[in-house]
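Close look at the chain arrangement
As a plain string of letters, each chain reads:
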Amino acid sequence: MKKHYIFKFILLIIPVSAFLLMSSSGGRTDARSGSPGDGGTSCASCHTGGSSGVSANITTNIPAEGYELNTDYTISVNKSSSGAGGFQLVAENPSNTRVGLFTAGTGTRVSGTSEGNRITHSNSSNSTWTFTWRSPSSDQGNIKFYSSVVIADGNGNNGA
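Analysis parameters
- Numbering of residues starts from 1 in every chain and runs along the sequence as written.
- Predicted model: local features are reported for residues with pLDDT of at least 70 only, side-chain atom pairs are reported and counted for 80 or more only, and whole-chain, interface and lining totals are derived from all residues.
- As a rule here, side-chain values cover all heavy atoms of the structure and leave hydrogens and water aside.
- We count a stretch as a helix when DSSP gives it H or I for four or more residues in a row; a strand needs E for two or more, and each element gets its number in order from the N terminus.
- A 1.4 Å probe rolled over the protein chains alone gives each residue an accessible area, and that area as a share of the maximum for its type sets the label: buried under 20%, exposed over 50%, partly exposed in between.
- What makes two residues a contact is simply this: any of their non-hydrogen atoms within 4.5 Å.
- Only strands joined by at least two bridges in the DSSP assignment are considered to pair.
- To obtain each axis, a line is fitted to C-alpha atoms, and for helices this fit is confined to the stretch in contact; angles are then taken between N-to-C directions over 0 to 180 degrees.
- In the sections that follow, a salt bridge refers to a side-chain nitrogen of Lys or Arg positioned within 4 Å of a carboxyl oxygen of Asp or Glu.
- Think of a nonpolar core as a cluster: buried Ala, Val, Leu, Ile, Met, Phe, Trp, Tyr and Cys residues, connected wherever their side-chain atoms sit within 4.5 Å.
- In the analysis that follows, any N or O atom pair within 3.5 Å is treated as a polar contact, provided that within protein one partner can donate a hydrogen and the other can accept it, and provided that, for residues neighboring in sequence, both atoms belong to side chains.

Concerning the overall build of the protein
Along the protein, the regular secondary structure elements total one helix and eight strands. Going residue by residue from the N terminus, the α and β elements of the protein occur as α-β-β-β-β-β-β-β-β. Burial statistics for the protein: of 160 residues in total, 28% are counted as buried. Here the contacts in the protein between residues at least 6 apart in sequence split such that 67% fall between residues at least 24 apart.

This is the structure in structure tokens:
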């Protein structure tokens, strides 16, 4: 009789452990920005569901005329909901190579294979995440920023 309880306990622990190990409330370190350099992989590979009327907004002080070389710029990701959320953001040149250097700020952390080439959330309860991007020291042409943002209710269900 004891063996059945142990077996059932192990069966219960497996999915709970998997959920805890795969949870990304502190951001992902792998490619999830949706950029060409990330192979288009985004947060949607794990998070699904419909639109719930919430939105995200990204603001920056990078001039409309373009970036100055080796200059720090402030970037903010804002979500319109008080629920849980997160993001990942990269900057890529026309060759889809990551450029510039991110420095963590409010509720964020740098990640990636080359430290500073990707920024993500470190706190899923923030409404605004703010960080710094230092432009490259040499002209890289038109730089595009790619971001994947998730806004969730925190119930652990996809689309429910």
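Quick notes on the sheet that holds strand E4 (residues 101–106)
In spatial order, the strands read E1-E2-E7-E4; together these four strands make up an open sheet with antiparallel pairing. Only two strands of the sheet have a single neighbouring strand rather than two, namely strand E1 (56–60) and E4. Neighbour to neighbour, the strand axes of the sheet diverge by 20° on average, direction disregarded. In this structure, strand E2 (residues 72–79) lies alongside strand E7 (residues 128–134), joined through seven bridges in antiparallel fashion. Directly across from Thr 74, in E7, lies its bridge partner Thr 132.

Examining the environment of Ser 127
As for its position among the elements, Ser 127 is in the loop between strand E6 (118–121) and E7. Separated by 20 residues in sequence, Ser 127 and Gly 107 have C-alpha atoms that sit 9.4 Å apart.

Brief notes about the pattern of salt bridges
Tallying each qualifying case throughout the model produces one salt bridge. For Asp 72, the salt bridge goes to Arg 134, with nearest N and O atoms at 2.7 Å. With Asp 72 in strand E2 and Arg 134 in strand E7, this residue pair connects regions lying 62 residues apart in the sequence.

Remarks on the nonpolar core
With 14 residues, the main nonpolar core has Phe 87, Phe 102, Phe 131 and Trp 133 as its most contacted residues. Of all elements in the fold, only E2, strand E3 (84–92) and E7 reach the threshold of two or more residues within this core. Once residues lying within four places of it in the same chain are set aside, the contact partners of Phe 131 are Tyr 73, Thr 74, Ile 75, Val 77, Phe 87, Leu 89, Phe 102, Thr 103, Ala 104, Gly 105, Thr 108 and Ile 119.

Concerning unusual backbone geometry
Unlike most non-glycine residues, Asn 70 shows phi in positive territory, near 50°. The residue Asn 70 is located in the loop between E1 and E2 in this model. What makes Asn 70 partly exposed here is its relative accessible area of 46%. Positive phi outside glycine occurs at Asn 96, with the angle close to 60°. Considering the arrangement of structural elements, one finds Asn 96 in the loop between E3 and E4.

Remarks on the pairing of E6
Across two bridges, E3 lies against E6 in antiparallel orientation. Bridge assignment links Leu 89 to a residue of E6, and that residue is Ile 119. When strand E5 (residues 108–111) meets E6, the two strands line up antiparallel, connected through four bridges. Bridge assignment links Arg 109 to a residue of E6, and that residue is Thr 120.

What to know about the sheet that holds E5
Read from one edge of the open sheet, four strands run E5-E6-E3-E8, paired in antiparallel fashion. Among the strands making up the open sheet, the edge pair consists of E5 and strand E8 (144–152). For this sheet the average axis-to-axis angle between neighbouring strands, irrespective of direction, equals 15°.

Observations concerning the side chain of Arg 118
Tracing the chain through its elements places Arg 118 in strand E6. A distance of 2.9 Å separates a polar atom in the side chain of Arg 118 from a polar atom in the side chain of Gln 88.

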